[in-house]
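Letter by letter, the chains look like this.
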Amino acid sequence: MWKRQLSLSEGAAPAALGFVDALERAYAHIARHPGTGSQRYGHALNIPGLRSWPLTHYPYLVFFIEREVHIDVWRVLHGQRDIPVWLNKDTDPDSLH
């Protein structure tokens, strides 16, 4: 059976739109249920309240902290990154209020 392969330019737009959709779904979930998500990196890095939520079908994590009246999204990082290094870059939990 013959399969047509997409060129990079043909596949880029659908992939980008899919990523944006997954990110919007993650944000909507976090907005509805901010207490969910893993506290693994928050505990490991001693950043109180830091949680992460995975994107569906993409190897990315959304890092966020629930505040009294809003949610601070810190970073969206690929799961294969050195996450502790990227989270510690220029971050001060109290400066993000």
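Residues numbered from 1 in each chain as written. Predicted model: local features only at pLDDT ≥ 70, side-chain atom pairs only at ≥ 80, totals over all residues. Heavy atoms only, no water.

Caption draft 1: Molecular detail of the nonpolar core. Judged by nonpolar contacts, Tyr41, Leu45, Ile47, Leu50, Leu61, Phe63, Ile65, Trp74, Leu77, Ile83 and Leu87 together constitute the single largest core of 11 residues. Of all the elements in the fold, those that place two or more residues in this core are strand 2 (60-66), strand 3 (71-78) and helix 3 (83-88). The greatest single-element share of this core, amounting to 3 residues, is contributed by strand 2. If we skip the residues at most four places from it in the chain, Leu50 touches Ser38, Gln39, Tyr41, Gly42, Phe63, Phe64, Ile65, Trp74 and Leu87. Residues Ala26, Ile30, Leu55 and Phe64 belong to the second largest nonpolar core, which totals 7 residues. (Core = buried A, V, L, I, M, F, W, Y, C linked by side-chain atoms within 4.5 Å. Buried < 20%, exposed > 50% of the residue type's maximum accessible area, 1.4 Å probe, protein only. Helix = DSSP H or I, 4+ residues; strand = E, 2+ residues; numbered from the N terminus. Contact = heavy atoms within 4.5 Å.)

Caption draft 2: Fine view of the pairing of strand 2. In terms of residue burial, strand 2 counts as a mostly covered element, since 5 of its 7 residues are buried. Across 5 bridges, the pairing between strand 1 (residues 50-54) and strand 2 is antiparallel. Counterpart to Pro54 in the pairing with strand 2 is Leu61. Here strand 1 hands over to strand 2 after 5 residues, with His57 in that stretch at a positive phi of 70 degrees. Relative to strand 3, strand 2 is paired through 7 bridges, and the arrangement is antiparallel. (Pairing = 2+ DSSP bridges.)

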